[in-house]
Amino acid sequence: MKLKGEYGAGSAASKTKMELGELKKVANDIRIDIIKSVHAAGSGHPGGSLSAAEIMTALYFDVMNIDPQDPMMKGRDKFILSKGHANPALYAAMAERGYFDRNELLTLRKLGSRLQGHPNMHRLPGIEVSTGSLGQGLSVAVGMALANRLDDDPGRIYTLHGDGEIQEGMFWEAAMAAIHYKLDNITAIIDWNGLQIDGKNDDVMKVAPIADKLSGFGWNTFECDGNDIEDLIIAMNQAKNIKDRPTAIIAKTVKGKGVSYMENVAGWHGKAPDDELYEQAMKELGGEL
Amino acid sequence: MAEKKATREAYGKVLKELAAENKDLIVMDADLSGSTKSGEFAKVCPERFFNMGIAEQDLYGAAAGLALSGKTVCASTFSMFASGRAYEIIRNTIGYTGANVKVCATHAGITVGEDGASHQTFEDISLMRNIPGMVVVNPSDAVSAEILLKKVIAMKGPAYVRLGRAAVPVTYAEDADLEIGKGNLLRNGDDITVIATGIMVNEAIMAADELAKENIDVRIIDIHTIKPIDEEIIIKAAEETGAVVTAEEHSVIGGLGSAVAEVIVKNCPVKMAMVGQNDVFGESGKPDELKKKYHMTADDIVAAVKKLKK
């Protein structure tokens, strides 16, 4: 179901921990961090990281029960970046939230860095599972959700997937399992930016209608503007009240959002901006060089 | 006549025994719990058993999720689907993460029998031993399977345990001293060494008995742990006997033979011969017929020994 106008502002689900304006600033800071780190690395995945800036803000600054000083906190919520290549967004969110110093973002992808090209759980505390090979995160979430239920652990499992990623069959195996095992402690977010490496989803391998597919499996689904923090928080909060089945939030986003020359361009999936384009991006985002 | 029991039966027995005392033990399967015997655990402890249906990649992904949440997980299916269909999930989400998942894969090798070529795995040891940190165990009988499985479950980290469909003769005593990573000297000998794993250990014993009639004194070593491999016992055998024949119910490419050759060629190069599946697909048949047709019997070991000694 579409969020705007259905659950909207003013409902209990729309209460946020920070002012909306502050949250929007965090999302913008995350965008600056993404461009800075990818530029410093000379490689990386800006497009699909930028599209997820609000999603990461909503999770790390409002919805998730986490403690940056205690990444292994018992009862915590867990986030799995199933689209592991978007880790510039994850690392940025973690740095802004206090898991590590912002300056470390400049070590992205460098030899010896804790910030590996795809997340490594043993190098960086706060990463719940190493990812990178697409399609696997929801299965891991199923396992973690089953464990939480066995242990009476209130922690919720959040996953973030790409829209190209759900072309992987394993994702649908896990979607089936989550329904079979009634895993209402899972919220899967699909970053629906419409693009993948070789072009639009519709041209490469059609995935839409995504919500229909997942609700066909039995999932509760929300569709919302994935670059609207308030909508995202409302959906994530509402998901906590759904019993006996998992929730998928199909977040319609703009790939490369915030950087004009990257917006909706498939080519910026996995490429770093050169010095000139970096400066332009910083200007647009209001970041310091 | 020696008692015969399938190593997969030992798996079911161990799981059932450990169910009550090991509260963190989780067992999972992909619709084959009757065949793999993981169902023995499900009977006594249904709340910690999860069937993931015919979805092996999801099986091992979810197994990783449970393991990363503090559980000890035994996840089973046939070796073709574990080492094949789910290979990359095991490599990236269990191997690379170091998750405490024991891939207990049954129906390995040619003795899966009538199901035929699509189900006869000859590549699993090769695939699994190439994963950094993966412990790879191929027990030769039900008794050693029981002992080694308990040790694999007690240790932390990923492991691949290869189990068979067919009943095989019991060779070990219940109190046998077996350690992961330690080869077993079953019989000493000076003329030549046969290093075997899995069902070929029993074939090696029969071959050695045959060769003894011709005064060829064969040393027999059971390498149940292909990774980490016991280099010491292999090097000693090469140095003291001068020639080595390996025998496995697995391809001659990349399995026990290759693992032994890697040790020998670097430390004490001696001539070797490898008995195993010779880079061909299998077919339907009775296990004993297939062993004969595809040259994985005591007779084949005898022939290999004689050829090497010429």
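Summary of the structure given here.

The rules behind these values
Residues numbered from 1 in each chain as written. Chains lettered and ligands numbered in written order. Predicted model: local features only at pLDDT ≥ 70, side-chain atom pairs only at ≥ 80, totals over all residues. Heavy atoms only, no water. Core = buried A, V, L, I, M, F, W, Y, C linked by side-chain atoms within 4.5 Å. Buried < 20%, exposed > 50% of the residue type's maximum accessible area, 1.4 Å probe, protein only. Helix = DSSP H or I, 4+ residues; strand = E, 2+ residues; numbered from the N terminus. Contact = heavy atoms within 4.5 Å. Lys, Arg positive; Asp, Glu negative; His and termini not counted. Salt bridge = Lys/Arg side-chain N within 4 Å of Asp/Glu carboxyl O. Polar contact = N/O pair within 3.5 Å; in protein donor to acceptor, adjacent residues only side chain to side chain. Pairing = 2+ DSSP bridges. Axes fitted to C-alpha atoms, helices over the stretch in contact; angles between N-to-C directions. Right-handed = clockwise from strand over helix to strand, strands pointing away. Phe/Tyr/Trp six-rings, centres within 6.5 Å; stacked < 30°, edge-to-face > 60°. Lys NZ or Arg CZ within 6 Å of the ring centre and 35° of its normal. Parallel < 35°, antiparallel > 145°, perpendicular 65-115°, else oblique. Left-handed = near helix turned anticlockwise from the far one by under 90°. Nonpolar A, V, L, I, M, F, W, Y, C, P; charged D, E, K, R; others polar. Buried area = accessible area lost by both parts, 1.4 Å probe. 1 Å grid on protein atoms, 1.4 Å probe; cavity = no way out; pocket = protein on both sides within 12 Å on 5 of 7 lines; lining within 4 Å. Points joined across faces, edges and corners; volume = space filled by probe spheres on them.

## Some words on the nonpolar core
Membership of the largest hydrophobic core comes to 77 residues, with the highest contact counts inside it found for Val142, Ile186 and Leu214 of chain A together with Met28 and Tyr60 of chain B. Per-element accounting of this core gives the leading share, 8 residues, to helix H5 (residues 137-150) of chain A. Those residues in contact with Leu214 of chain A that lie beyond four places of it in its chain are Phe171, Trp172, Ala175, Ile190, Trp219, Thr221, Ala248 and Ile250 of chain A. Membership of the second largest hydrophobic core comes to 60 residues, among which are Val38, Val63, Ile66 and Phe222 of chain A.

## Some remarks on the side chain of Asp163 of chain A
All names here are of chain A. Looking at where Asp163 falls in the secondary structure, it is placed in the loop between strand E2 (157-162) and helix H6 (169-180). The charged side chain of Asp163 is buried without a salt bridge, its nearest counter-charge being Lys255 at 6.3 Å. Of note is the side chain of Asp163, whose polar atom sits 2.9 Å from the backbone nitrogen of Asn193. Here Gly194 takes part through its backbone nitrogen, which lies 2.6 Å from a polar atom of the side chain of Asp163. Those residues in contact with Asp163 that sit more than four places away from it in its chain are Ile190, Asp191, Trp192, Asn193, Gly194, Leu195, Asn201, Val207 and Ile210.

## Some details on the sheet that holds strand E3 (residues 186-192) of chain A
All names here are of chain A. With parallel pairing, 5 strands are arranged side by side in an open sheet as E1-E2-E3-E7-E6. Strands with a single pairing partner mark the edges of an open sheet, and in this sheet they are strand E1 (78-81) and strand E6 (220-225). The mean inter-strand angle of the sheet, taken between neighbouring strand axes irrespective of direction, is 20°. Pairing analysis gives 6 bridges linking E2 to E3, with the strands arranged parallel. Following the sheet pairing, Thr159 is matched in E3 by Ala188.

## Here's the deal with the pairing of strand E7 (residues 159-162) of chain B
Residue and element names in this part refer to chain B. The two faces of E7 match: Ala159 and Val161 on one face and Tyr160 and Arg162 on the other face are all buried. Here 4 bridges tie strand E5 (residues 101-106) to E7, and the two strands are oriented parallel to one another. Residue pairing for E7: Cys104 is matched across the bridge by Val161. The pairing of strand E6 (residues 135-137) with E7 spans 3 bridges and is parallel. When the sheet's bridge partners are listed, Val135 is paired in E7 with Ala159. Viewed along the sheet, the connection from E6 through helix H8 (residues 142-154) into E7 turns out right-handed.

## A few points about the environment of Leu115 of chain A
Residues and elements named next belong to chain A. Tracing the sequence through the fold places Leu115 in the loop between helix H4 (87-97) and H5. Remark: the alpha-carbon pair of Leu115 and Asn87, spanning 28 residues in sequence, is separated by 8.6 Å. Dropping the residues within four chain positions of it, Leu115 is found in contact with Tyr91, Phe100, Glu104, Leu105, Thr107, Leu108, Arg109 and Leu124.

## Examining the pairing of E5 of chain B
All names here are of chain B. For E5, a buried count of 6 out of 6 residues is recorded, marking the element as mostly surrounded by other parts of the structure. The side-chain alternation of E5 yields two buried faces, one formed by Val101, Val103 and Ala105 and the other by Lys102, Cys104 and Thr106. Note: strand E4 (residues 72-78) against E5, 6 bridges, orientation parallel. The residue of E5 that forms the bridge with Cys74 is Lys102.

## Description of the packing of aromatic side chains
Residues and elements named next belong to chain A. Using the criterion set out here, one finds 7 aromatic pairs over all chains in the structure. By way of ring pairs, the aromatic residues Tyr60, Phe79 and Tyr99 are connected into one cluster. Positioned above the aromatic ring of Trp192 is the side chain of Lys252, whose terminal nitrogen or guanidinium carbon lies 5.3 Å from the ring centre. The ring of Trp268 carries the charged tip of Lys271 above its face, separated from the ring centre by 4.5 Å.

## A look at the packing of helix H3 (residues 53-63) of chain A against helix H9 (residues 229-239) of chain A
Residue and element names in this part refer to chain A. Two numbers describe how H3 lies on H9: the axes approach to 9 Å, and their chain directions differ by 55°. For the element pair H3 / H9, the angle class is oblique. Crossing handedness for the pair H3 and H9: right-handed. Two secondary-structure elements touch here, H3 through Glu54, Ile55, Thr57, Ala58, Leu59, Asp62 and Val63 and H9 through Ile229, Leu232, Ile233, Met236 and Asn237. Of the residues that constitute the contact of H3 with H9, the class distribution is 8 nonpolar, 2 polar and 2 charged.

## Description of helix H6 (residues 87-95) of chain B
If you check which residues of H6 of chain B are buried, you get Ile89, Ile90, Asn92, Thr93, Ile94 and Gly95 of chain B. In this structure, the buried side of H6 of chain B is in contact with H5 and H6 of chain A together with helix H4 (56-68), helix H5 (79-85), E5 and helix H7 (124-129) of chain B.

## Considering the interface of chain B and chain A
Opposite the 24 residues of chain B that make contact, chain A presents 23 residues. Between chain B and chain A, roughly 1900 Å² of surface is buried when both sides are summed, and carbon and sulfur atoms account for 60% of that area. On the surface where chain B and chain A come into contact, there are 1 salt bridge. With its nearest N and O atoms 2.6 Å apart, the salt bridge here joins Lys71 of chain B to Asp151 of chain A. Joining chain B to chain A, the criterion identifies 9 residue pairs in polar contact (both at pLDDT 80 or more). Elements that contribute at least two residues to the side of chain B that touches chain A include exactly strand E3 (49-51), H4 and H6 of chain B. With 8 residues, the single largest contributor to the side of chain B that touches chain A is H4 of chain B.

## Looking at the layout of surface pockets
All names here are of chain B. Of the volumes computed, that of the largest pocket is approximately 460 Å³. Contributing to the lining of the largest pocket are 26 residues, with Ala167, Val168, Pro169, Glu203 and Lys291 lying nearest its centre. Secondary structure elements with two or more residues in the lining of the largest pocket: strand E8 (168-169), helix H9 (200-212) and helix H12 (287-293). Broken down by class, the residue content of the lining of the largest pocket amounts to 12 nonpolar, 7 polar and 7 charged.

## Concerning unusual backbone geometry
Cis geometry is found at the peptide bond from Ala208 of chain A to Pro209 of chain A, where omega equals 5°. Its location among the elements puts Pro209 of chain A in the loop between helix H7 (201-204) and helix H8 (210-217). The peptide bond linking Lys227 of chain B to Pro228 of chain B adopts the cis configuration, its omega dihedral lying at -5°. By the element assignment, Pro228 of chain B lies in the loop between strand E12 (225-227) and helix H10 (231-241). Positive phi values are uncommon outside glycine, yet Asp244 of chain A reaches one of about 70°. Checked against the element boundaries, Asp244 of chain A lands in the loop between H9 and strand E7 (247-252). The class for Asp244 of chain A is partly exposed, based on a relative accessible area of 48%. Of note in this structure, His295 of chain B is not a glycine but carries a positive phi near 65°. Along the polypeptide, His295 of chain B turns up in the loop between H12 and helix H13 (298-309).

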